[in-house]
Structure formats: structure tokens, C-alpha cells
Amino acid sequence: MHNPIGIFDSGVGGTSIWKEIHTMLPSEDTIYLADSKNAPYGAKSKEQILQLSIKNTELLLEKNCKLIVVACNTATTNAIDYLRSNYKVPFIGIEPAIKPAAFHTKTKKVGVLATKGTLSSSLFHNTSKMFAEGIEVFEQEGKGLVDLVEAGQVDSEEMRNLLQTYVNPMLEQGMDCLVLGCTHYPYVIPVLKEILPTNITIIDSGEAVARQTKAVLIKNGMKISESRTSKHNFYSNAPIMVLQDLVKGPSITINYLDF
Ligand code: DGL
């Protein structure tokens, strides 16, 4: 089935997921929506996040996407149940990787950096309860981080200071795994690596999402089997410079779209 895979996020962060998907499924075409005009989703109400997720989904369906990846923890934890019950295509979501962190931690202390919208969702709470038995989970809202990534200030002094402020209390409490619960955060891994002691493991869910996308395509008979050059259309409803900096390569087009 040669229809594209649809991917959406509140902005440019989900491109970290797009990269994993493209690496694992190089023959698949993709359409990516960066809803940067409405970023950050993390500070919005559940109802607002749901309405934005519906708007993005319907646009991707208009563009004939065969499967939709909700490349946003905040939208997944607040809207994926609704999307799955109301639209026919398969949906892949992303959630903070509590399960691998619980498996990996030696101190039994795990930090989760995510948006307020993710940390306050019932899906996140249920996942934590299910997989983190016997593990202490420190939740930290990454207030301001999404805005800085959206502004292209990944390596700025402000970013460094904010990250330092957020990880320090969790380090003092003895965490040895830091879960990145927002798709914008993989872009700050280089800064985090400078800040964090070397014994801290950083865990994100990007590769797991790509693996799941591949499995669901195969299960539904949707995966392209031949090797081919794929096309990638990115749409942003904000100025496209930051997106252009993050996503480069052949067969990629990046356009402004008012959605
Ligand atoms: N990339 C989104 C996530 O994974 C950012 C949410 C936001 O816009 O606040 O949660």
C-alpha cells in the first residue's frame, strides 16, 4: 500500500520520531504536520489537546495517510483513545518509556522529564503504576523546553540553565535513568550529556515507536515491500526555518500551510 504514513506533533519535536521511522522504513512516504502555531500543547487543557489532535488527524486523512503516528507524548496521553475509537486507520502513539527505565535502573530511582499535559494524564499514571512497581519515579515538568526547541535555541545558555535546574533535584535523590517524555527533548541530548554524570542513562521512546510502526504496517498488510526512493512532505503552520534546520535530505519538501 503506497499511501503515506502520517505523523503529527505540536511542532518540530516529532521530527526526532520521523528520523527513526525513516531509518527503519526507508521505502515509506511520509507526511509530517508541525502544529507549531499551537505549541506548546503541554500547558493546554485535555479538551484543547483533543481538538488539536482531531484537526491534525483529519488533515492527514484528507491527504490519504494509511496510518497515523501521534509523535507527541502530550497528544498521545490525552487523545489517542478517542482517535482510535473514532477513525478507522491504525494509530501509533508515544508515551514516556517507563517500562525500559524500570528494567534498566539499578538505584530503583527513575526521573521523568515531560510536559505538564503528559504528567497529569491518566494514561501516564496508569503506565507508571503498571510498570514501575518498586521503583521510585520522580516527575519533572520541562516548562519552557519546548518553546526553546521551537525557537531553534537548542544549545543556548537558557536551555542549559533550565535543564540543570530540572535535573538537579532528581540527581540529588539518586536517579540513574532519565526518561525523556517529550519528542522535543531528544534534540537536547547533547546538552544533557554535558550536564549529567556519566553513570546516568538517558532513555527515549523513538526507536520503539518506529519498531511498533513497522510491526503494525506488516500486521495490516500495509508495508511497502520493494526498495524504492520515498517522498517526504513536511507542513508547518509557523515560519519553517527551524524545521529546515532539523530535517535535511533528498526527497524532502518543507512547506508553510495554514492549518
Ligand atoms: N513534542 C510534544 C510531546 O512529546 C511537546 C508537547 C508540547 O507541545 O508541549 O509532548
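Let me sum up the structure you'll find in this document. The model shown is predicted, which means the values in this text are computed figures rather than measured ones.

On to the layout of surface pockets, then. Of the volumes computed, that of the largest pocket is approximately 620 Å³. Lining the largest pocket are 25 residues, with Gly-93, Glu-95, Ser-205, Ala-208 and Val-209 positioned closest to its centre. Elements represented by at least two residues in the lining of the largest pocket include exactly helix H3 (73–86), strand E4 (91–92), helix H4 (98–104), helix H6 (122–131) and helix H10 (206–219). Counting residues per element, the lining of the largest pocket draws most heavily on H10, which supplies five residues. Taken together, the residues of the lining of the largest pocket sort by class into 12 nonpolar, five polar and eight charged. Grouping the amino acids of the lining of the second largest pocket by side-chain chemistry returns four nonpolar, four polar and four charged.

Turning our eyes to something else, we now look at empty space enclosed by the protein. Inspection of every chain in the model, using the stated rule, returns two cavities of 30 Å³ or more. If you go around the largest cavity, the residues you meet are Asp-9, Ser-10, Tyr-41, Gly-42, Cys-72, Thr-74, Thr-115, Val-146, Cys-182, Thr-183 and His-184. Split by residue class, the lining of the largest cavity holds four nonpolar, six polar and one charged. Taken as a whole, the second largest cavity holds about 30 Å³ of empty space. In terms of lining residues, the second largest cavity is bounded by Ile-17, Asn-73, Ile-94, Leu-180, Cys-182, Thr-183, Pro-186, Asp-204, Ser-205 and Gly-206. Per-class residue counts for the lining of the second largest cavity are five nonpolar, four polar and one charged.

Oppositely charged side chains can form a pair if their charged atoms are brought close together. Under the defined criterion, the tally for this structure stands at eight salt bridges. Of the charged contacts in the structure, one is a salt bridge between Asp-29 and Lys-231, with a shortest N-O distance of 3.7 Å. Of this pair, Asp-29 sits in the loop between helix H1 (15–24) and strand E2 (30–34) while Lys-231 sits in the loop between H10 and strand E9 (232–236), and the two are 202 residues apart along the sequence. Given a relative accessible area of 52%, Lys-231 falls into the exposed group. Here Asp-35 makes a salt bridge to Lys-55, at a shortest N to O gap of 3.0 Å. Here the residue Asp-35 occupies a position in the loop between E2 and helix H2 (46–62), and Lys-55 occupies one in helix H2, the gap between them amounting to 20 residues. The exposure class of Lys-55 is partly exposed, given its relative accessible area of 27%.

Attention now moves to the site of the ligand. Around the ligand, 13 residues are found, and the nearest of them are Ser-10, Tyr-41, Gly-42, Thr-74 and Thr-183. Tyr-41 places a main-chain nitrogen or oxygen 2.7 Å from an oxygen atom of the ligand. Take Gly-42: an N or O atom from its main chain is 2.7 Å from an oxygen atom of the ligand. Its atoms largely coinciding with the cavity grid, the ligand occupies the largest cavity. Here the residues of the shell around the ligand sort into five nonpolar, seven polar and one charged.

On to the packing of H1 against H10, then. In contact at an axis separation of 8 Å, H1 and H10 are set at 45° when each is read in the N-to-C sense. Relative to H10, the element H1 is oriented oblique. The two elements H1 and H10 cross, and the hand of that crossing is right-handed. Where H1 abuts H10, its residues Ile-17, Glu-20, Ile-21 and Met-24 lie against Gly-206, Glu-207, Val-209, Ala-210, Arg-211, Thr-213 and Lys-214. For the contact of H1 with H10, the per-class residue count stands at five nonpolar, two polar and four charged.

Moving on to unusual backbone geometry. Put simply, Ala-39 and Pro-40 share a cis peptide bond, and its omega is -5°. Counting through the fold element by element, Pro-40 comes out in the loop between E2 and H2. Located in the positive-phi region is Asn-64, a residue other than glycine, with phi close to 65°. Relative to the assigned elements, Asn-64 resides in the loop between H2 and strand E3 (67–70). Look at Ser-251: it is not a glycine, yet its phi comes out positive at around 60°. With respect to the element layout, Ser-251 can be found in the loop between helix H11 (241–246) and strand E10 (252–256).

Scoring rules and cut-offs
- Residues numbered from 1 in each chain as written.
- Predicted model: local features only at pLDDT ≥ 70, side-chain atom pairs only at ≥ 80, totals over all residues.
- Heavy atoms only, no water.
- 1 Å grid on protein atoms, 1.4 Å probe; cavity = no way out; pocket = protein on both sides within 12 Å on 5 of 7 lines; lining within 4 Å.
- Points joined across faces, edges and corners; volume = space filled by probe spheres on them.
- Helix = DSSP H or I, 4+ residues; strand = E, 2+ residues; numbered from the N terminus.
- Nonpolar A, V, L, I, M, F, W, Y, C, P; charged D, E, K, R; others polar.
- Salt bridge = Lys/Arg side-chain N within 4 Å of Asp/Glu carboxyl O.
- Buried < 20%, exposed > 50% of the residue type's maximum accessible area, 1.4 Å probe, protein only.
- Near = heavy atom within 4 Å.
- Polar contact = N/O pair within 3.5 Å; in protein donor to acceptor, adjacent residues only side chain to side chain.
- Sits in = over half its atoms within 2 Å of the grid points.
- Axes fitted to C-alpha atoms, helices over the stretch in contact; angles between N-to-C directions.
- Parallel < 35°, antiparallel > 145°, perpendicular 65-115°, else oblique.
- Left-handed = near helix turned anticlockwise from the far one by under 90°.
- Contact = heavy atoms within 4.5 Å.

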